[in-house]
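# Breakdown of the fold
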Amino acid sequence: MIPTVNGSLPGPTINVREGDTLVVHVINNSTYNITIHWHGVFQLKSPWMDGANMITQCPIQPRNNFTYRFDITGQEGTLLWHAHVVNLRATLHGALIIRPRSGRPYPFPKPYKEVPLIFEQWWDVNIELLNLQPAPICDAYLINGLAGDSYPCSKNRMFKLKVVQGKTYLLRIINAALNTHLFFKIADHNVTVVSVDAAYTTPYVSDVMILTPGQTVDALLTADQPIGMYYMSISPYISANSLAPVPPGHDIRSLIVYEGAKSTSSPSMSLLPSGTNAIPTAHRFSSNITSLVGGPYWTPVPYHVDENMFVTMGLGLDPCPPETTCNGPLGQHIAGSFNNRTFVMPETISLQEAYFYNISGVYTDDFPDQPPMKFDYANFSVRTESDYEMMFPERKTSIKTLKFNSTVEIIVQNTGIISPESHPMHLHGFNFYVLGYGFGNYDPIRDARKLNLVNPQMHNTVGVPPGGWVVLRFIANNPGAWMFHCHMDAHLPYGIIMVFIVENGPTPETSLQPPPSNLPQCTHDPTIYES
Ligand code: C2O
């Protein structure tokens, strides 16, 4: 038994236009506590609708309902919706497609057809039984709910895209996998990327792409090859050998079928990057994207920064409770951290309600702007007592307060504590500029000079290179409590989470309003799965 939305996997596609108000009634007929998050939606003036479990609301309990209602403004492209409860995102997700207001064109030639492509991970067990330590290996990968001919049992269940020679298609690609970055490639065809994370890009031609969990790419595909059949494949990107979920050993395929192709012809193969090829290929694709300057919703990068943060991110250890066995390194639990803090979820009330009602004891306002000590972040190894201490982060519900409209810069430094794998960082409520990516330790003199302040890509989710860094900037123009976390679902319970509280602006219009009267309340029923 798997939980689904309206009985389908992936769940239903939501189609809206920019400027619309989206209203979604969630009727929880499952046995799980759930919330639904609108991944990448700005939620301007609607922070209670973000659906971040225990951050902006308590979960919707079984046999209960909640209605999400919010405006979608200032963004167009492909996003996704998903459950924001650990593991449940595996099957509770779908596309959220935002088209321009009626009468407004795309900033690229109008495609003949639009095709959502959703990548997923599948497990053969009940989802609550997944062991999260370390991240669980999946039994299959799916494209639009179908595993295709990589697995004997699903040979005849492969997603097929029928195309007409000469026509151009807009692929709306979503990586809804729980824990794996995925390469995507079409045999013998290039694609032109026109948007990432629902932010328009300078058209970028590529033969391969990479998406972290939570990222989306819109790309134009022209059927410009001889009439025939061509594989469209995905394969996991393994950025570190330890910990990362091991792939089943081959690519997962879907098929492009040209009109008039003989059904007996054998499809053209697409070879995906692997081994030593993988990291450079992923880095090239991620770092080559630039924003469409002058396009819809583009705003120049603010030069003045109000808040500077240097945040070390990575995996560490949490002591194993007595009389239990732990599967992590050194016989401990795996913990995640930012600046050596493991985020602990509030349990009795959502963080945003605690903030709004001024309830003390739920969180502390002391998240540090720097790690507690300097060390060789990317090449961490234990040499001293304090190095060893860095492996055991402090567990705390601490937040970072931001002034309304302040410009925030975050240098996220990946660490080699335990494993220098790539982590996809996702910010709720805002897009950020990605000013630069690099490997090794961020150098404030050498690297700051190379940042792109002209046409940097915009994202809500960015993959931090393994043993490397990214520099992000955003404007905190939306009061409320906003998560910034690793979008590998297994890393949520590890606590690779930060929360920003953006303070009120000067007017009621720019202030956090009271929650809707029917916002779910927390009551803890031990028979309900929650994580
Ligand atoms: Cu797509 Cu906080 O998640």
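Each value, and the rule that gives it
- Residues numbered from 1 in each chain as written.
- Predicted model: local features only at pLDDT ≥ 70, side-chain atom pairs only at ≥ 80, totals over all residues.
- Core = buried A, V, L, I, M, F, W, Y, C linked by C-beta atoms within 7 Å.
- Buried ≥ 20, exposed ≤ 12 C-beta atoms within 10 Å, placed from the backbone.
- Helix = DSSP H or I, 4+ residues; strand = E, 2+ residues; numbered from the N terminus.
- Contact = placed C-beta atoms within 7 Å.
- Pairing = 2+ DSSP bridges.
- pLDDT = per-residue confidence, 0-100.
- Axes fitted to C-alpha atoms, helices over the stretch in contact; angles between N-to-C directions.

The next thing to look at is the nonpolar core. When a protein is soluble and globular, its nonpolar side chains tend to lie buried together. If you look at the biggest cluster of nonpolar residues, it comprises 147 residues, and the most contacted ones within it are Phe 119, Val 412, Leu 472, Trp 482, Val 499 and Phe 500. Considering each element in turn, this core owes the most residues, 7 residues, to strand S28 (residues 468–476). Excluding anything up to four places from it in sequence, Trp 482 contacts Leu 427, His 428, Gly 429, Phe 430, Val 499, Phe 500 and Val 502.

Our focus in this paragraph is the pairing of strand S15 (residues 216–222). Across the 7 residues that make up S15, a large majority, 5, are buried. For strand S10 (residues 168–175) and S15, the ladder comprises 7 bridges, and the chain directions are antiparallel. The residue of S15 that forms the bridge with Leu 171 is Ala 219. Where strand S12 (residues 191–196) lies against S15, 4 bridges are found, and the strand directions are antiparallel. Looking at the pairing, Val 193 lines up with Ala 219 of S15.

Right, let's talk about the confidence of the model for the protein chain for a bit. The predicted model of the protein chain has a mean per-residue pLDDT of 93, with 96% of residues at 70 or higher. Across the whole predicted complex the pTM is 0.96, and at the interface the ipTM reaches 0.99.

Before going further, it helps to spend a moment on helix H1 (residues 278–288). Among the residues making up H1, those that are buried are Ile 279, Thr 281, Ala 282, His 283, Phe 285 and Ser 286. Here the buried face of H1 lies against strand S13 (199–206), strand S14 (208–211), strand S16 (229–237), strand S25 (432–439) and strand S27 (461–464).

A one-sided burial pattern is seen for strand S9 (residues 160–163), the buried positions being Leu 161 and Val 163 and the unburied ones Lys 160 and Lys 162. Inspection of the sheet shows S9 paired to strand S17 (residues 252–258) by 4 bridges, in the parallel sense. Looking across to S17, one finds that Val 163 is bridged to Tyr 258.

Okay, the sheet that holds S10 next. Strand order in the open sheet formed by 6 strands is S8-S7-S10-S15-S12-S13, and the pairing between neighbours is mixed. Of all the strands in the sheet, just strand S8 (140–143) and S13 have a single pairing partner and so form its edges. Neighbour to neighbour, the strand axes of the sheet diverge by 20° on average, direction disregarded. As judged from the 4 bridges shared by strand S7 (residues 113–122) and S8, these two strands associate in the antiparallel manner.

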